[in-house]
Amino acid sequence: MSKGVLHHLELYVSDLDRTVEFWGWLLEALGYKPFQKWEKGRSWKLDETYIVFVQTEERFLDIPYHRCRVGLNHLAFHGESRAQIDDLTVRLENRGINVLYKDQHPYAGGNMHYAVYFEDPDRIKVEVVAPKD
């Protein structure tokens, strides 16, 4: 195991079922496998890193998440190729998921940055980046 590699990430979500539907197919397309499942949460694992989603308690749902507030701005994942980014883009659109920065897609991060940007059900921004040629 590499020192400093992310062990896990835990995100509290407003609707676990909707989150599982959104993240399940995406993480599995990126190579993650289902890892843990319990009444209030789910996780997916890739190698030694896992991502956990937990249902937020009702009493904490009054203030919705926004990436421009203090806290997490977005999650960025390595993709395997430009073809995978193109395929994910089509799959996102087929699922009715809004691709961000469409007028600049797939170079919204610059001419040397081939990626797709979108939001999860709680509006957490997600980015999948192709390796450089």
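Calculation rules
- Residues numbered from 1 in each chain as written.
- Predicted model: local features only at pLDDT ≥ 70, side-chain atom pairs only at ≥ 80, totals over all residues.
- Heavy atoms only, no water.
- Domains from an automatic or database assignment.
- Contact = heavy atoms within 4.5 Å.
- Buried area = accessible area lost by both parts, 1.4 Å probe.
- Salt bridge = Lys/Arg side-chain N within 4 Å of Asp/Glu carboxyl O.
- Polar contact = N/O pair within 3.5 Å; in protein donor to acceptor, adjacent residues only side chain to side chain.
- Helix = DSSP H or I, 4+ residues; strand = E, 2+ residues; numbered from the N terminus.

A. Region of the structure containing the domain arrangement of the protein chain. Domains assigned within the protein chain are domain 1 (1–55) and domain 2 (74–132). Counting from both sides, the interface comprises 16 residues of domain 1 and, opposite them, 17 residues of domain 2. Summing both partners gives a buried area of about 1400 Å² for domain 1 against domain 2, and 73% of it is carried by carbon and sulfur. Interface area lost by domain 1 to domain 2 is led by Phe22, Trp25 and Leu30, which between them contribute 45%. The tally of links from domain 1 across to domain 2 stands at one salt bridge. Of the charged contacts in the structure, one is a salt bridge between Asp122 and Arg18, with a shortest N-O distance of 4.0 Å. Between domain 1 and domain 2 we count four residue pairs in polar contact (both at pLDDT 80 or more) in total. Elements supplying a minimum of two residues to the side of domain 1 that touches domain 2: strand S1 (8–13) and helix H1 (16–29). Sort the elements by how many residues they give to the side of domain 1 that touches domain 2 and H1 lands first, with nine residues.

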